[in-house]
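# Residue-level structural notes
Read off the chains here:
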Amino acid sequence: MAREKQPEPEPEAAPERTYQELLGNLNPIARPLASRKLTRKLYKCIKKAAKHKQIRRGVKEVQKFINKGEKGITVLAGDTLPIEVYCHIPVMCEDRSLPYAYIPSKSDLGAAGGSKRPTCVIMIKPHEEYQEAYEECWEEVVSLPVPL
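Report follows, based on the coordinates. A quick note: this is a predicted structure, and the numbers were derived from the prediction, not measured.

### Focus on the pattern of salt bridges
Per the counting criterion, the structure on display carries four salt bridges. The salt bridge involving Lys41 is made with Glu136; its shortest N-O contact spans 2.8 Å. Pair noted here: Lys41 is in helix α2 (residues 36-51) and Glu136 is in helix α6 (residues 131-142), with a separation of 95 residues, a long-range link. Owing to a relative accessible area of 35%, Glu136 belongs among the partly exposed residues under this scheme.

Structure follows, in structure tokens:
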């Protein structure tokens, strides 16, 4: 007698957390923090860049390419703990005059980069396919107030 296969229950999707709820998990060093609108623009730009394989993902890879002199926008997750994991990245960006911004969620950052895993740092490289979106993000990130 063969058993009938039971359909597996669909895993419940985690409820979408709002921008304000995500702000509750921020690190003390998460400055300059992107606004809700800029955060959405950065996610869109990351998705486009990931489609064209123009992103660097993770602390080790981003650090390596910053040291090599690669240009781009660095996006850091503001809810990464311990902060010692990536607290040297903003200093490296400032030394090389690269724009950087914090966004509230590492899981959303990983999802925007096309990964199921959360990631704490992504560098978006320029590319002609999404040049307009990239330049818009670049200007807004550069205009963010520099932390003291």
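That was the structure; now back to the text.
### Description of the sheet that holds strand β1 (residues 55-57)
Pairing is mixed across the open sheet formed by four strands, whose spatial order is β1-β4-β2-β3. The two strands at the open ends of the sheet, each matched to only one other strand, are β1 and β3 (100-103). Neighbour-to-neighbour, the strand axes of the sheet open up by a mean angle of 20 degrees, direction not taken into account. The sheet strands contacting α2 are β1, β2 (73-77), β3 and β4 (121-124), and the helix crosses β4 at an angle near 70 degrees.

### Points about unusual backbone geometry
Cis peptide bonds are those with omega within 30 degrees of zero, and the linkage from Arg31 to Pro32 qualifies with 0 degrees. Position of Pro32 relative to the elements: it lies in the loop between α1 (19-22) and α2. Between Leu81 and the following residue, Pro82, the backbone shows a cis peptide bond with an omega angle of -10 degrees. Here Pro82 is to be found in the loop between β2 and α4 (89-95). Within the chain, Lys53 stands out as a residue other than glycine whose phi angle is a positive 55 degrees. By the secondary structure assignment, Lys53 is in the loop between α2 and β1. Located in the positive-phi region is Ser97, a residue other than glycine, with phi close to 55 degrees. By secondary structure assignment, the location of Ser97 is in the loop between α4 and β3. With a relative accessible area of 61%, Ser97 lands in the exposed category.

Parameters at a glance
Starting afresh in each chain, residues are numbered from 1 along the sequence in its written order. Per-residue local features are limited, in this predicted model, to residues with pLDDT of at least 70; the limit for side-chain atom pairs, both in listing and counting, is 80 or more; totals at the level of whole chains, interfaces and linings are taken over all residues. Hydrogens and waters are ignored; side-chain quantities use all the structure's heavy atoms. When a carboxyl oxygen of Asp or Glu is within 4 Å of a side-chain nitrogen of Lys or Arg, the pair counts as a salt bridge. Helix and strand labels come from DSSP, where a helix needs a run of H or I of at least four residues and a strand needs a run of E of at least two; each type is numbered from the N terminus. Relative accessible area decides the class of each residue, using a 1.4 Å probe on protein chains only: under 20% of the type maximum gives buried, over 50% gives exposed, and in between gives partly exposed. Only when DSSP finds a minimum of two bridges between them are two strands counted as paired. Helix axes use the C-alpha atoms of the stretch in contact, all axes being lines fitted to C-alpha atoms, and the angles between their N-to-C directions lie in the range 0 to 180 degrees. Two residues qualify as a contact provided that any one of their heavy atoms is within 4.5 Å of a heavy atom in the partner residue.

Distances and angles like these do not, on their own, reveal function.
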